[in-house]
2 protein chains.
Amino acid sequence: MNLLINPPRVQWQELAERPLFDLSSLFATVQPILNEVRTHGDDALRDFEKRFDHAELTDLAVSASELNRAETNLPDTLTAAIRQAHHNITKFHEAQRFEPIVVETQPGIVCEQRAVPIERVGLYIPGGTAPLFSTVLMLAIPASIAGCKEIVLCTPPAPDGSIHPAILFTAKLCGVSKVFRLGGAQAIAAMAYGTESVPRVDKIFGPGNQYVMAAKQLVSLSHVAIDMPAGPSEVEVLADATCQPAFVAADLLSQAEHGIDSQAVLVTTNLSVAQRVAEETARQLAPLPRRDIAEKSIANSRIIVFENDMESAIAFTNLYAPEHLIIATEDYREVASHIHSAGSVFLGNYSCESAGDYASGTNHTLPTKAWARSYSGLCLDSFQRKLTLQELNPKSLAAFAPIVEAMATAEQLDAHREAMRLRRLAAEAENAK
Amino acid sequence: MNLLINPPRVQWQELAERPLFDLSSLFATVQPILNEVRTHGDDALRDFEKRFDHAELTDLAVSASELNRAETNLPDTLTAAIRQAHHNITKFHEAQRFEPIVVETQPGIVCEQRAVPIERVGLYIPGGTAPLFSTVLMLAIPASIAGCKEIVLCTPPAPDGSIHPAILFTAKLCGVSKVFRLGGAQAIAAMAYGTESVPRVDKIFGPGNQYVMAAKQLVSLSHVAIDMPAGPSEVEVLADATCQPAFVAADLLSQAEHGIDSQAVLVTTNLSVAQRVAEETARQLAPLPRRDIAEKSIANSRIIVFENDMESAIAFTNLYAPEHLIIATEDYREVASHIHSAGSVFLGNYSCESAGDYASGTNHTLPTKAWARSYSGLCLDSFQRKLTLQELNPKSLAAFAPIVEAMATAEQLDAHREAMRLRRLAAEAENAK
């Protein structure tokens, strides 16, 4: 781990930088895949699945009976855990329901805002050695609460065409409408354009490798909304002398095991904490199964000490804008009140990132690469649209219409003025009766 | 106007299509401008302003004294109208303030969601013959209510370097921090990367020509969030026999005058309404100053009749997903309750689009080109981020931690499990004391 002590402000921007990877360099590789799917539909999907996932597929869609029997292939401890996580995530996201707003902005002029579900959403769940069923929870639960009519899920199959039962069980539990055996850029193309089997959706969610991300960016330019840009996962622990170095080390490692490009950063006001965390990290690293990955990631990670200077530690944190921020300080709520740029915040010594990754109730799909300066993590909002409405009472037009008429005249939009003026005249005639 | 009577469902998709324009064809033109500004900063901005806006600039920023004296160059009727619009838009957007959410998802597990302002936002106001001060209101008022620390505004100058006083007056009224004489792709680049004069921002808002839109899309891939993709403005009027054909015609024309690529669509359940609106449109078109533009736009526009079939009229409307939707029917609130894909909805005969364009209180920056299927119009949310927080009570870990441990094990993320397990063991030891 690289130790930096009281870095001067001019160095902060550099310390907050992520490794540069320009997704647009993959556009030339990904665009032909998108084009093929757009033109040849399911045939192209089968070709790409054979080529990239080594799976020869007849049915792209998973059948109802496959979905139904998934639970029988899982241990009860796991299904019970998933059910409790489902309960917690549902409870937190249901509390985010939007109450319609009705405001009379001036007499007779009523403006309203209400939330409506996005009709059709597509969820992407990456493949790999382990089944990422937790991401199914994080994407499908808010989609279901929002009331999305069609919830499509794509995930790459094993070479025998199967999908891990934990994914299927969780998808069924969360009310996913259709699951497809599709991975990579071809899955994104299928959901963006629609094919014979796969419905076209209005917004695509979920993580993926660089090709998936590049495909999402490309289709987002013209066809479909996406949740957010994405990059490797990140954690920052902001700690003072009251932290538990063993916990902090465990948190840094739980980020580091994700991949060699994961970012784990410790920002602390206490030099001794820095040293003890470094020692603990080395000690806990040894027995980890994913030691090779975590070791490389930790070697690139940083410990930044702002000695007895919480103000700088907070300012640097907001500049860095981490995906996950663990605040292991004495007055963690006071510190948290100054944080504006972070994905999700974990308060105090006992709130580890993995709690939120799985089961506390918050969403784990969060902005990385400093996108937390402008993007929220996924929440109920992400699956809804806010619609505005307005109603003008004709009796109020004598007071209101001249405002619109004056502004339209100044913007030289005469037909805009006329649409208002005609109504004012009609209303005045009516009111005079 | 093109009249279609009871089009079969297979034809709907085609009727809902917008003219295709692929912004990515402009990327090759725009990228070098972005690169120049990124590399050469203010010098590049001055060069491009000379080339594209024919303005030789010394100060890119507008001075405080210029901002202060703008009001003296405007008629009192206009400043009074802008002030009333400011009042209404403020009242509606202030009502959108987000109340923090605190939920105990299971005993001892507390999850929270709160809103924080995006720190630095950039607003783009297009140039042209008329000053679009109404867009300043729509972008700067919610930014100010959200509490954005820095609100930067760019707008192209006249060849003498001046900016219309209505823009400057409105910017000052809304609390804009800095106004720059910058237009086109170079303005977008300046706000995305920052230069010696122009601060880098976290999110860029506002309409613009195709080069501006292409520049926004390009910088959004890697550097800065943007409000939404954009296209030519659109209105749909959904009318039955109770509408006022003269009002409907005026509404179609107020859209048509925006540009020859504007979309004005009438969907009606009544054939006689279709005929009377067409006649009224021709009659009202004649005296308009922007007749040339409106005439071309109207020639491309459509009247779609679903005879006595409101259900189809509503289904088509949701498929078309218009930016503005005027519902001029008897039971307009009942009809509105079935609308999920539209930017902003205008209820009844007296609620014209121009009311919302200027002064009712709703935002006029809305999704076009069917992006209303997935994007909201601008609202207070657009200038905020939602941040989640969580706190675990150590006394609750005996019940909670095993859920996380089971799920992490199944996802083969051992360090995730360890971070939770270490805390559970420590808490159990503590609780046993």
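Our structure's up above, just so we're on the same page.
Just so it is clear, the structure is predicted and the values come from calculations on it, not from any experiment. (Residues numbered from 1 in each chain as written. Chains lettered and ligands numbered in written order. Predicted model: local features only at pLDDT ≥ 70, side-chain atom pairs only at ≥ 80, totals over all residues. Heavy atoms only, no water.)

## Let's talk about the relation of the copies chain A and chain B
Here's step 1: Laying chain A over chain B is done by rotating through 180 degrees and shifting 0.0 Å along the axis; what remains is an RMSD of 0.0 Å. The relationship between the two copies is best expressed as a two-fold rotation axis.
Here's step 2: Comparing contact sets, 100% of the residues at the interface of chain A also lie at the interface in chain B, consistent with an isologous, same-surface contact. (Least-squares fit on C-alpha atoms with pLDDT ≥ 70 in both. Contact = heavy atoms within 4.5 Å.)

## Digging into the pattern of salt bridges
Two side chains of opposite charge can pair, provided their charged atoms sit close to one another.
Here's step 1: Tallied over the entire structure, the rule returns 44 salt bridges over all chains.
Here's step 2: One salt bridge in this structure joins B:R18 and B:E234, with 2.9 Å as the shortest N-O distance. With B:R18 in the loop between α1 (9–16) and α2 (27–53) and B:E234 in strand β9 (residues 234–239), this residue pair connects regions lying 216 residues apart in the sequence. As far as burial versus exposure is concerned, B:R18 and B:E234 are alike and both buried.
Here's step 3: A salt bridge links B:D202 to B:R120, with the nearest nitrogen and oxygen atoms 2.7 Å apart. With B:D202 in the loop between α7 (184–193) and β7 (203–205) and B:R120 in strand β4 (residues 120–124), this residue pair connects regions lying 82 residues apart in the sequence.
Here's step 4: In this structure, a network of salt bridges that share partners links the residues A:E112, A:R114, A:E391 and B:R333. (Salt bridge = Lys/Arg side-chain N within 4 Å of Asp/Glu carboxyl O. Helix = DSSP H or I, 4+ residues; strand = E, 2+ residues; numbered from the N terminus. Buried < 20%, exposed > 50% of the residue type's maximum accessible area, 1.4 Å probe, protein only.)

## Some details on the nonpolar core
Here's step 1: Counting residues in each nonpolar core, the largest one holds 74 residues, and the members touching the most others are A:L182, A:M191, B:L182 and B:M191.
Here's step 2: If sequence neighbours within four positions are ignored, A:M191 has contacts with A:G122, A:L123, A:Y124, A:V152, A:C154, A:V198, A:P199, A:R200, A:V201 and A:I204. (Core = buried A, V, L, I, M, F, W, Y, C linked by side-chain atoms within 4.5 Å.)

## Some words on the sheet that holds strand β7 (residues 203–205) of chain A
Each strand in a sheet pairs with its neighbour through backbone hydrogen bonds, running either in the same direction (parallel) or in the opposite one (antiparallel).
Residue and element names in this part refer to chain A.
Here's step 1: Read from one edge to the other, the open sheet built from five strands follows the order β6-β5-β4-β7-β8, with strand pairing classed as parallel. Either end of the sheet is taken by a strand with one partner, and the two such strands are β6 (178–181) and β8 (225–226).
Here's step 2: Here five bridges tie strand β4 (residues 120–124) to strand β5 (residues 150–155), and the two strands are oriented parallel to one another. Paired with Y124 across the strands is C154, a residue of β5.
Here's step 3: Each of β4, β5 and β7 touches helix α5 (residues 133–146); the most contacted strand, β4, lies at about 170 degrees to it. (Pairing = 2+ DSSP bridges. Axes fitted to C-alpha atoms, helices over the stretch in contact; angles between N-to-C directions.)

## Some details on the state of the cysteines
Here, the word disulfide means a covalent bond between the sulfur atoms of two cysteines.
Here's step 1: Applying the stated criterion across every chain yields a total of zero disulfides over all chains.
Here's step 2: Free of any disulfide, A:C174 has its nearest cysteine sulfur in A:C148, 13 Å distant.
Here's step 3: Its sulfur unpaired, B:C154 is 15 Å from the next cysteine sulfur, which belongs to B:C148. (Disulfide = S-S within 2.5 Å.)

## Side note on the packing of aromatic side chains
Here's step 1: The final tally for this structure, using the stated rule, is 16 aromatic pairs over all chains.
Here's step 2: Taking 5.8 Å as the distance between ring centres and 0 degrees as the angle between the ring planes, the aromatic pair formed by A:F48 and A:F52 counts as stacked. Of this pair, A:F48 and A:F52 both sit in helix α2 (residues 27–53), separated by four residues, roughly a single helical turn.
Here's step 3: Their ring planes at 45 degrees and their centres at 6.0 Å tell us that B:F306 and B:F316 sit as a pair that is tilted. (Phe/Tyr/Trp six-rings, centres within 6.5 Å; stacked < 30°, edge-to-face > 60°.)

## Things to note about the side chain of A:E323
Residue and element names in this part refer to chain A.
Here's step 1: By the secondary structure assignment, E323 is in the loop between α12 (310–320) and β12 (324–328).
Here's step 2: Lacking a salt bridge, the buried E323 has R18 as its closest oppositely charged neighbour, with an N-O distance of 8.1 Å.
Here's step 3: Among the polar contacts made by the side chain of E323, one reaches the side chain of S233 at a distance of 2.9 Å.
Here's step 4: Apart from the residues within four sequence positions on either side, E323 is in contact with S233, E234, A342, G343, S344, H364, L366, P367 and T368. (Lys, Arg positive; Asp, Glu negative; His and termini not counted. Polar contact = N/O pair within 3.5 Å; in protein donor to acceptor, adjacent residues only side chain to side chain.)

## Brief notes about the sheet that holds strand β5 (residues 150–155) of chain B
Here's step 1: Read across the open sheet, the five strands follow the order β6-β5-β4-β7-β8 (chain B); overall the sheet is parallel. Each end of this open sheet is capped by a strand with a single partner; those strands are β6 (178–181) and β8 (225–226) of chain B.

## Digging into the interface of chain A and chain B
Here's step 1: Of the residues lining the interface, 123 residues belong to chain A; the matching set on chain B comes to 124 residues.
Here's step 2: Along the contact surface separating chain A from chain B lie eight salt bridges.
Here's step 3: A salt bridge links A:K386 to B:D381; the shortest N-O distance between them is 2.6 Å.
Here's step 4: Here chain A is connected to chain B by 71 residue pairs in polar contact (both at pLDDT 80 or more).
Here's step 5: Among the elements that make up the side of chain A that touches chain B, the one with the highest residue count is helix α4 (residues 76–94) of chain A (ten residues).
Here's step 6: Taken together, the residues of the side of chain A that touches chain B break down into 63 nonpolar, 38 polar and 22 charged.
Here's step 7: As judged from the three bridges shared by strand β14 (residues 384–392) of chain A and strand β13 (residues 344–347) of chain B, these two strands associate in the parallel manner. Counted as the bridge partner of A:L389 is B:V345 from β13(B). (Nonpolar A, V, L, I, M, F, W, Y, C, P; charged D, E, K, R; others polar.)

## Brief notes about α7(B)
All names here are of chain B.
Here's step 1: Buried residues dominate α7, accounting for ten of its ten residues.
Here's step 2: All of the buried residues along α7 are G184, A185, Q186, A187, I188, A189, A190, M191, A192 and Y193.
Here's step 3: Contact partners of the buried residues in α7: α2, β4, β5, β7 and α8 (210–220).
Here's step 4: In the stretch just after α7, G194 is the one whose phi turns positive, near 80 degrees.

## Quick word on the pairing of β6(A)
All names here are of chain A.
Here's step 1: Judged from the four bridges that link them, β5 and β6 form a sheet pairing that is parallel. When the bridges of β6 are listed, L153 appears paired with V179.
Here's step 2: For the handedness criterion, the β-α-β arrangement of β5, helix α6 (residues 165–173) and β6 is classed as right-handed. (Right-handed = clockwise from strand over helix to strand, strands pointing away.)

## Re the packing of α4(A) against helix α15 (residues 397–410) of chain B
Here's step 1: Two elements in contact, α4(A) and α15(B), have axes separated by 9 Å at closest approach and are oriented at 115 degrees. In the packing of α4(A) onto α15(B), the handedness of the crossing is left-handed. Counting all contacts with α4(A), which are made through A:T77, A:L78, A:A81, A:I82, A:Q84, A:A85 and A:N88, the residues of α15(B) involved are B:F400, B:I403, B:A406, B:M407 and B:A410.
Here's step 2: Taken together, the residues of the contact of α4(A) with α15(B) sort by class into nine nonpolar, three polar and no charged. (Left-handed = near helix turned anticlockwise from the far one by under 90°.)

## Comments concerning the environment of A:I326
Residues and elements named next belong to chain A.
Here's step 1: Tracing the chain through its elements places I326 in strand β12.
Here's step 2: Separated by 37 residues in the primary sequence, I326 and P289 have C-alpha atoms spaced 24 Å apart.
Here's step 3: In contact with I326, other than residues within four places in its own chain, are V235, E236, V237, L238, D251, F346, S351 and E353.

## Digging into the environment of B:V152
All names here are of chain B.
Here's step 1: Within the secondary structure, V152 is located in strand β5.
Here's step 2: Under the relative-accessibility criterion, V152 is labelled buried at 0%.
Here's step 3: C-alpha of V152 to C-alpha of V121: the two residues are 31 residues apart in sequence and 6.2 Å apart in space.
Here's step 4: If near-sequence neighbours (up to four positions away) are discounted, V152 is found in contact with V121, G122, L123, K178, F180, M191, V198, P199 and V201.

## Quick look at the side chain of B:D240
Residues and elements named next belong to chain B.
Here's step 1: Mapped onto the elements of the fold, D240 is located in the loop between β9 and α9 (245–256).
Here's step 2: The side chain of D240 sits in the buried core without any salt bridge; R276 is the nearest counter-charge, 9.5 Å away.
Here's step 3: Engagement of the side chain of D240 in a polar contact is seen with the backbone nitrogen of E330, the distance being 2.9 Å.

## Details of α2(B)
All names here are of chain B.
Here's step 1: Spanning 27 residues, α2 covers only 20 Å between terminal C-alpha atoms, well under the ideal 39 Å at 1.5 Å per step.
Here's step 2: Within α2, the axis deviates most sharply at H40, by approximately 135 degrees.
Here's step 3: Taken together, the buried residues of α2 touch β6, α7 and α8.
Here's step 4: Phi turns positive one or two residues past the end of α2, at H54, with a value near 55 degrees. (Expected span 1.5 Å × (residues − 1). Bend = angle between axes of the 7 residues up to and from the residue.)

## Details of unusual backbone geometry
Residues and elements named next belong to chain B.
Here's step 1: Of note in this structure, K369 is not a glycine but carries a positive phi near 50 degrees.
Here's step 2: Here K369 is to be found in the loop between α14 (353–358) and β14 (384–392).
Here's step 3: Although it is not a glycine, Q412 adopts a positive phi angle of roughly 60 degrees.
Here's step 4: By the secondary structure assignment, Q412 is in the loop between α15 and α16 (414–432).
Here's step 5: Since its relative accessible area comes to 36%, Q412 is described here as partly exposed.

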